[in-house]
Amino acid sequence: MPCFPFAVPAAPCAFSVDPETPVVTRGGSANSVRPPCLGTSDLVRVGAVTSGVTGSTLTRLSVSCLRSLTELKSALAANIKHPATGFLTAAGMVLWATIGAAQTFPVTVEHAFGQTTVTQRPVRVASVGWANHEVPLALGIVPVGLARASWGDDDGDGLLPWVTEKLEELGGETPVLFDEGDGIDFEAVASTNPDIILAAYSGISKSDYDTLSRIAPVIAYPQAAWTTTWREMIRQNASGLGLAQEGDAMVADIEARIATAIADYPQLEGKTGMFVTHLDPRDLSTIGFYAAADQRVQFLTDLGMAMPQAVQEASEAGKYSGRVSAERIDLFDDVDVVVTYGDQARLDELSQNPLIARFPAIARGSVVLLANDPMGTAANPTPLSIDYVLDDYLGHLADAVARAGQ
């Protein structure tokens, strides 16, 4: 099998660490490589050994090459010894230890349906549900299949823009896209011959889980359907890939970027935000809202806002949404900002309703309206989408808070 995505002589994969060149090279050439069995932080550590280079300078290696870290270790062992003594150099010993620590299988992940044991590092990764594929992508792994985007896909290609950008960055082709409009397409998932199926943020049933488990090990949600936070999504899926430390590092990195961004919006601190579900002018007898367990709501708290007392009290354990009678709309007098899906025309129509008009935040226009576009999608945060829309979302929230003070 060739070691690179281009033709090379038919020979065993052999790698060397050139102390003068900050990359892992093949046979002393300047072609940088990214073995698929290594995670992002492994690559950073490899880079640190070879001259402080970060993983972003390494390119993805064809999956057909080194299928296990054992094979990579053998290749490296032959090429990172001191030329005079034959012993591993200091850099070689660090690299050897790093790679050895990175491969710890089997791994077992607990979830709502029990636990899943992954016996060896997955190479072919598939995902179902929403955005689970963003975790392997963020870790440098191109999935073989993922769910087609059903919301926010403004160009109709089935991929959200931050996913397209990441695929291009990794040099990967578009994976097989599963149409989940009528539920999980089990045949399509099976056709990708996955080593693992990621479903930490999804609504799969026990029956779905059992069927998928006959295809490959499944990483399901930790507690209840559609209540997984973006942090849990990362950690749950990364653990199944054997990259738990990388997952923790990713969470910390995103948290740091959020903290930096919200520092410019102190006016959001402590303001209450309520995320209302799609309002239907034909039936305004109840007000639907995303509950405390939903990550759209939790993302508002990530951004410095508070959860209204009424939302906390009306939220049921294990439920991602709830409803209250419109006749009790006075419960939401403490809501500073409403976030919801729709446009201004829809909001104007709703405001004509006598009950809705009693909702203070709506009456004064302290509303963030989200459309069926990437911005509207990313209000439900995922590993790759947060950076994509964070500044714009904060700006819209700040504008709504300003109207609350008028």
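Refer to the structure printed above.
Everything quoted here is computed from the prediction, not taken from an experiment.

What counts and what doesn't
- Residues numbered from 1 in each chain as written.
- Predicted model: local features only at pLDDT ≥ 70, side-chain atom pairs only at ≥ 80, totals over all residues.
- Heavy atoms only, no water.
- Helix = DSSP H or I, 4+ residues; strand = E, 2+ residues; numbered from the N terminus.
- Contact = heavy atoms within 4.5 Å.
- Areas by Shrake-Rupley, 256 points an atom, 1.4 Å probe, with all protein chains shown as cover.
- Buried < 20%, exposed > 50% of the residue type's maximum accessible area, 1.4 Å probe, protein only.
- Polar contact = N/O pair within 3.5 Å; in protein donor to acceptor, adjacent residues only side chain to side chain.
- Axes fitted to C-alpha atoms, helices over the stretch in contact; angles between N-to-C directions.
- Parallel < 35°, antiparallel > 145°, perpendicular 65-115°, else oblique.
- Left-handed = near helix turned anticlockwise from the far one by under 90°.
- Nonpolar A, V, L, I, M, F, W, Y, C, P; charged D, E, K, R; others polar.
- Phe/Tyr/Trp six-rings, centres within 6.5 Å; stacked < 30°, edge-to-face > 60°.
- Lys NZ or Arg CZ within 6 Å of the ring centre and 35° of its normal.
- Pairing = 2+ DSSP bridges.
- Salt bridge = Lys/Arg side-chain N within 4 Å of Asp/Glu carboxyl O.
- Expected span 1.5 Å × (residues − 1).
- Arc of directions from axis to C-beta.
- Core = buried A, V, L, I, M, F, W, Y, C linked by side-chain atoms within 4.5 Å.
- Lys, Arg positive; Asp, Glu negative; His and termini not counted.

**Student:** What should I look at first to understand the overall build of the protein chain in this one?
**Tutor:** Helix and strand counts for the protein chain stand at 15 helices and 14 strands. Taking as baseline every contact in the protein chain between residues at least 6 positions apart, the subset at least 24 positions apart corresponds to 69%. When the accessible surface of the protein chain is summed, it comes to about 17900 Å², and 50% of that surface belongs to carbon and sulfur atoms.

**Student:** Please clarify how the environment of glutamine 312 should be interpreted in this entry.
**Tutor:** Here glutamine 312 shows up in helix 11 (residues 309-314). The exposure class assigned to glutamine 312 is partly exposed, which follows from its relative accessible area of 39%. Along the backbone, glutamine 312 and alanine 292 are 20 residues apart, and their C-alpha atoms lie at a distance of 6.1 Å. At 2.9 Å, the side chain of glutamine 312 and the backbone oxygen of methionine 307 are in polar contact.

**Student:** I would appreciate a short explanation of the packing of helix 8 (residues 230-240) against helix 9 (residues 244-262) in the present structure.
**Tutor:** The relative placement of two packed helices comes down to the angle between their axes together with the axis-to-axis distance. In the contact formed by helix 8 and helix 9, the axes pass within 7 Å of each other and the chain directions differ by 160°. Taken together, the axis directions place helix 8 and helix 9 in an arrangement best described as roughly antiparallel. Remark: the crossing between helix 8 and helix 9 carries right-handed chirality. Taken together, the residues of helix 9 that come into contact with helix 8 (itself represented by Trp230, Arg231, Ile234, Arg235, Ala238 and Ser239) are Ala244, Gly247, Asp248, Met250, Val251, Ile254, Glu255 and Ile258. The residue makeup of the contact of helix 8 with helix 9, split by class, is eight nonpolar, two polar and four charged.

**Student:** Help me out: how do you make sense of the packing of aromatic side chains in this one?
**Tutor:** Inspection of every chain in the model, using the stated rule, returns nine aromatic pairs. Taking the centre distance of 5.6 Å and the plane angle of 80° together, the rings of tryptophan 151 and tyrosine 341 count as edge-to-face. With tryptophan 151 in the loop between strand 6 (145-147) and helix 5 (161-170) and tyrosine 341 in strand 13 (residues 337-341), this pair connects stretches of sequence that are 190 residues apart. Between phenylalanine 299 and tyrosine 393, the ring centres sit 6.0 Å apart and the planes meet at 20°, which makes this aromatic pair stacked. Of this pair, phenylalanine 299 sits in helix 10 (residues 295-302) while tyrosine 393 is found in helix 15 (residues 385-404), placing the two residues 94 residues apart along the sequence. Summarising the burial analysis for this pair, phenylalanine 299 and tyrosine 393 share the class buried. Members of the aromatic cluster, joined through ring pairs, are Trp151, Phe275, Tyr290 and Tyr341. Above the plane of the ring of tyrosine 290 lies arginine 296, whose end atom (NZ or CZ) is 3.7 Å from the centre.

**Student:** Can you help me understand the sheet that holds strand 10 (residues 273-275) in this one?
**Tutor:** Adjacent strands of a sheet pair through backbone hydrogen bonds, lying either parallel or antiparallel. Pairing in this open sheet of three strands is parallel, and the strands run 10-13-14 from one edge to the other. Both outer strands of the open sheet, strand 10 and strand 14 (367-370), are each paired with one neighbouring strand and no more. Across the sheet, the mean angle separating the axes of adjacent strands is 15° when strand polarity is ignored. Here strand 13 runs beside strand 14; their pairing, made up of four bridges, is parallel. Within the sheet, the bridge partner assigned to threonine 340 lies in strand 14 and is leucine 369. Running at roughly 145° to strand 14, helix 15 makes contact with strand 10, strand 13 and strand 14 of the sheet.

**Student:** What's the story with the pattern of salt bridges in this structure? I'm lost.
**Tutor:** For side chains bearing opposite charge, pairing can occur when the charged atoms are close. Evaluated as defined, the whole model comprises eight salt bridges. A salt bridge links aspartate 253 to arginine 257, with the shortest nitrogen-to-oxygen separation between them at 2.1 Å. Taken together, the positions of aspartate 253 and arginine 257, both in helix 9 and four residues apart, correspond to about one turn of that helix. With a shortest N-O distance of 2.7 Å, arginine 257 and aspartate 387 are connected by a salt bridge. In this pair, arginine 257 sits in helix 9 while aspartate 387 sits in helix 15, placing the two residues 130 residues apart along the sequence. Using a relative accessible area of 45% as the deciding quantity, one classes aspartate 387 as partly exposed.

**Student:** I tried to follow helix 9 on my own but got confused; where do I start?
**Tutor:** Side chains of residues three or four places apart in an α-helix project in the same direction, reflecting 3.6 residues per turn. In this model, helix 9 (19 residues) spans 27 Å end to end at C-alpha, consistent with the 27 Å of a helix rising 1.5 Å per residue. Of the residues making up helix 9, those classed as buried are Glu246, Gly247, Met250, Val251, Ile254, Ile258 and Ala261. Take helix 9 and look down its axis: the buried residues cluster within an arc of 140°, on one side only. When the buried face of helix 9 is taken as reference, the exposed residues oriented beyond 90 degrees from it are Gln245 and Thr260.

**Student:** Got a minute to help me understand the nonpolar core in this structure?
**Tutor:** In summary, soluble globular proteins display a tendency toward joint burial of nonpolar side chains. Counting residues in each nonpolar core, the largest one holds 85 residues, and the members touching the most others are Met274, Phe275, Ile287, Val339, Phe359, Tyr393 and Leu397. In terms of residue count, helix 15 provides more of this core than any other element does, nine residues in total. When neighbours within four sequence positions are excluded, phenylalanine 275 is seen to be in contact with Phe289, Tyr290, Arg296, Val297, Val339, Thr340, Tyr341, Leu370, Ala379 and Tyr393. With 16 residues, the next largest nonpolar core counts Ile197, Leu212, Val218 and Tyr221 among its residues.

**Student:** Which parts of the structure should I look at to understand the side chain of aspartate 208?
**Tutor:** Positionally, aspartate 208 belongs in helix 7 (residues 206-213). No salt bridge is formed by the buried aspartate 208, whose closest oppositely charged neighbour, arginine 214, lies at an N-O distance of 9.4 Å. Among residues more than four places away in sequence, those in contact with aspartate 208 are Ile184 and Phe186.

**Student:** Can you help me understand the environment of proline 383 in this one?
**Tutor:** The topology assignment puts proline 383 in the loop between helix 14 (374-378) and helix 15. Separated by 250 residues in sequence, proline 383 and histidine 133 have C-alpha atoms that sit 9.5 Å apart. Ignoring any residue separated from it by four or fewer positions in sequence, one finds proline 383 in contact with Glu134, Val135, Met233, Ile234, Met250 and Ile254.

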